[in-house]
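# Chains, contacts and geometry: an overview
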Amino acid sequence: MDPAFLGVFLPVVLGFALCVKWGKKERAVTVEVGGELGITKRNHRFQKPVEKPWEGANTLFDLFEQACKMHPKQKFLGTRKLIKKELEPSSDGRTFEKLTLGSYVWISYEEAYEQVCRFASGIVALGHQKGEKCAIFSETRAEWLIALQGCFRHNFSVVTVYASLGEEALVHSLNETEVTTVICDRKQMNKILALGDRLQTVKRVIYMLDSEEKHEPLSIRPPTSWMVTSFEEVKSLGQNSLVQPDLPSAENIAVIMYTSGSTGLPKGVLMTHGNMVATIAGVSKVIPDLGLDDVYLAYLPLAHVLELAAECAMCASGVGIGYGTPLTLTDTSNKIKKGSKGDASELGPTLLTAVPAILDRVRDGVRKTVDSKGGISKKLFDIAYKRRLAAIEGSWFGAWGLEKLLWDALVFKKIKAVLGGHVRGMLSGGAPLSGDTQRFINICMGTPIGQGYGLTETCAGATFSEWDDLTVGRVGPPIPSCYVKLIDCEEGGYRIADSPMPRGEIVIGGPTVTPGYFKNQAKTDEVYKVDETGMRWFYTGDIGQFHPDGCLEIIDRKKDIVKLQHGEYVSLGKVEAALIVSPYVDNVMMHADPFHSYAIALVVPSEQALKGFAHAKGIQFESFDDLCNRDEAMKEVLQSLHKIGKTAHLQNFELPAKVKLLSQPWTPESGLVTAALKLKRENLRKKFDEDLKKLYA
Ligand SMILES: *[C@@H]1O[C@H](CO)[C@@H](O)[C@H](O)[C@H]1NC(C)=O
Ligand SMILES: *[C@@H]1O[C@H](CO)[C@@H](O)[C@H](O)[C@H]1NC(C)=O
């Protein structure tokens, strides 16, 4: 090659690449706006929060109707037909249900619109009155969205209840909102019927059947005053007596979503059409090229605001939504018959939403497969992974360009196929995603993970990471439809004047902020405020910090900050995060209260590490449990915690003065940690109440 050409070509290419690289790093994605009490930031793309994706789109029904008019023939909702259900014995003598599922059967936007109109007219024909509320209580499926839009067509507010909240919560929610019509699947219907006498406002139950389910007689007799009708019957009823729509406006309540309170009964969050539309407007602006070429895999519960907002956003952009379940997601999922296809490989989605627990599972699955193969393919994987990691972390000597293509073809293509092979982006939210998992998925799936932060009270909207942001542990800048503000939090010692980054309680303002809690003015006034310009702000109770480029990172929770007897504050979460690094610790919960001058801790020790210590010291013990009760063991662990705490610059009063070692691990099944393995403090405190009291004795 001509050296003169290289002499020009190389510097130009390198220079360009450097500009891109540095340009990216330096680019601030937020703009600071005025504000006296804290630091307020907005997305760099917009001056004022966007409220609507387009003029005239005021409600969720407007968005849906518009999408149906713009691309009537586009496929919209896809469902798999059940081909075979078998029971298979497992090695431990139990039996497992294994499913063989067919390909996706789709209805178009036009067909969905027709079904919505029929269903809506059908509930009116059944006698559902203006102003009364409907509840939808079902697993995620196509009919859920049809029922939802059907209710909106007549301005009926929809109540949703998270299925895992339990019976008391269910009765409370339906009773408090005086729901008259419950729309549910067969499984949930049995629960509703069993609670019959306690649900005094309910008059109608509409149940959805799967294609293969038969109209079996009801196993539980409903109260005589109830009308029990199938979804199909309601639609045909409506077809014969179509009624004119009675549309809501932006400030009317679309959904009352019940979420667990940290104590006591769940709270119903009021969400207006305007709130939801604002979130959708914001999120749609952040996902590049969202549109007709996309296919979205839906499988998380629609009673969770993240999934509801995601599906409504997909619907507004003409995306096809294929339904699946967490247990049939991949070819190796628990409920999938060996040799048949999971939802992802059958659908080939381009987008999906995932909670961290599911991404962790995908990561573990891939690791296990790679390890079990061993030999050459494991070696190749390890090299490929290292090379790509170096590239993603910004090294020029990592695998770029041709080498990246090579590794993609050799190693990652097969892994990508686990999720169907076409995924171009994932949305993660609901809990913090570990940096390790995020990197792993980035590299193996070759796709960005958009991390979002938001709460039911802000209609899922608050922050969402930029599509090309490959850093870990952060949740991105504010979405274009809201402001994010940090204010001083004296309790935790977090201040906006802190360096190197401003820290404080996260407050969210703008059109996504909901009106408050249903029939709970006291709680509403406590956490929502309106400023002099009329803008609503929600006080999240989460502690965050702003990175120099404007991205937010969640670092603590106000609820977990406790004041000791002499006035010092201990941030339980922060201390736990520091102490878990000790080789003796598998899990740890800090405890402190204002009645004592020192903090204490419950520790699940690492069996291997603690036994290793005992052997080295020649300590005799009968069982691990016995060892956990030995003073020597307790002292050794405490010493290790203090050493770790000092390295992490914790103050003396932040460290536990005493510990109790517990031999049993904390699992989601025991209710002591969540599915994402976060501590459930209330449950842990209740269960180990005696031990805590003894430590303070
Ligand atoms: C929608 O329903 C609510 C509650 O019944 C009512 O207050 C509101 O006026 C209705 N909206 C319209 C536009 O009729
Ligand atoms: C249902 O609500 C009413 C008031 O709206 C209350 O008096 C009653 O105790 C509640 N019943 C249950 C079972 O919660």
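Computed from a prediction, not measured in an experiment: that's the story for all the values here. (Residues numbered from 1 in each chain as written. Chains lettered and ligands numbered in written order. Predicted model: local features only at pLDDT ≥ 70, side-chain atom pairs only at ≥ 80, totals over all residues. Heavy atoms only, no water.)

Moving on, we get to the overall build of the protein chain. Counting secondary structure elements, the protein chain contains 21 helices and 28 strands. For 697 residues, the compact-globule estimate of 2.2 N^0.38 gives 26 Å, and the C-alpha radius of gyration of the protein chain, at 27 Å, lies within 12% of that figure. For the protein chain, the spread of C-alpha atoms along the principal axes amounts to about 85 × 80 × 65 Å. Counting all 697 residues of the protein chain, 52% fall into the buried class. Across the protein chain, every contact between residues at least 6 apart in sequence was considered, and the portion connecting residues at least 24 apart equals 67%. In the structure as shown, the protein chain presents an accessible area of about 32,500 Å², 55% of it carried by carbon and sulfur atoms. (Helix = DSSP H or I, 4+ residues; strand = E, 2+ residues; numbered from the N terminus. Rg over C-alpha atoms; globule rule 2.2 N^0.38 Å. Buried < 20%, exposed > 50% of the residue type's maximum accessible area, 1.4 Å probe, protein only. Contact = heavy atoms within 4.5 Å. Areas by Shrake-Rupley, 256 points an atom, 1.4 Å probe, with all protein chains shown as cover.)

Close to ligand 1 lie G131, N155, L247 and N252. Between an oxygen atom of ligand 1 and a side-chain N or O atom of N155, the distance comes to 2.4 Å. At a separation of 2.8 Å, a nitrogen atom of ligand 1 approaches a polar side-chain atom of N252. Expressed as a share of its isolated accessible area of 360 Å², the protein-covered part of ligand 1 is 45%. When the residues that make up the shell around ligand 1 are grouped by side-chain class, the tally is 1 nonpolar, 3 polar and no charged. (Near = heavy atom within 4 Å. Polar contact = N/O pair within 3.5 Å; in protein donor to acceptor, adjacent residues only side chain to side chain. Nonpolar A, V, L, I, M, F, W, Y, C, P; charged D, E, K, R; others polar.)

Okay, the domain arrangement of the protein chain next. The domains assigned to the protein chain are domain 1 (26–49 + 352–378 + 416–421 + 423–557), domain 2 (60–350) and domain 3 (564–696). When each unit is reduced to the centre of its C-alpha atoms, the spacing between domain 2 and domain 3 is 43 Å. (Domains from an automatic or database assignment.)

Once that is clear, we can look at the pairing of strand β27 (residues 599–605). Most of β27 sits out of view: 7 of its 7 residues are buried. Burial of β27 is two-sided: the residues A599, A601, V603 and P605 facing one way and the residues I600, L602 and V604 facing the other way are all buried. The sheet contact formed by strand β26 (residues 585–591) and β27 spans 6 bridges and is antiparallel. Residue M590 lies in a different strand from β27, and its bridge partner there is A601. The sheet contact formed by β27 and strand β28 (residues 656–661) spans 5 bridges and is parallel. (Pairing = 2+ DSSP bridges.)

A contiguous nonpolar patch, built from W396, F397 and W400 and spanning about 400 Å² of accessible area, is present on the exposed surface. Following the sequence through the fold, W400 ends up in the loop between α12 (375–392) and α13 (401–416). (Patch = residues over 30% accessible without salt bridge, like charges linked within 9 Å, V, L, I, M, F, W, Y side chains within 5 Å. Salt bridge = Lys/Arg side-chain N within 4 Å of Asp/Glu carboxyl O.)

The subject of this paragraph is the packing of helix α2 (residues 60–70) against helix α3 (residues 109–126). Where α2 meets α3, the closest approach of the two axes is 8 Å, and the angle between their N-to-C directions is 135°. The angle between the axes of α2 and α3 places the two elements in the oblique class. On the side of α2, the interface is formed by F61, F64, E65, A67 and C68, while α3 contributes Y109, A112, Y113 and V116. Considered class by class, the residues forming the contact of α2 with α3 number 8 nonpolar, no polar and 1 charged. (Axes fitted to C-alpha atoms, helices over the stretch in contact; angles between N-to-C directions. Parallel < 35°, antiparallel > 145°, perpendicular 65-115°, else oblique.)

Scanning the model with the defined rule gives 17 aromatic pairs in all. Between F381 and F440, the ring centres sit 6.2 Å apart and the planes meet at 45°, which makes this aromatic pair tilted. Of this pair, F381 sits in helix α12 while F440 sits in helix α14 (residues 435–445), and the two are 59 residues apart along the sequence. We classify F440 as buried; its relative accessible area is 2%. A centroid spacing of 5.8 Å and a plane angle of 75° characterise the contact between Y517 and Y528, whose relative ring orientation is edge-to-face. Remark: Y528 occurs in strand β21 (residues 528–530) and Y517 occurs in strand β20 (residues 516–517); sequence separation between them is 11 residues. Under the relative-accessibility criterion, Y517 is labelled buried at 5%. Residue class for Y528 comes out buried when judged on its relative accessible area of 5%. One aromatic cluster in this structure is built from F61, F64, F76, Y109 and Y113. In this structure, K41 packs its charged tip against the face of F546, placed 5.2 Å from the ring centre. Directly above the ring of Y207 sits R186, whose terminal nitrogen or CZ lies 5.7 Å from the centroid. (Phe/Tyr/Trp six-rings, centres within 6.5 Å; stacked < 30°, edge-to-face > 60°. Lys NZ or Arg CZ within 6 Å of the ring centre and 35° of its normal.)

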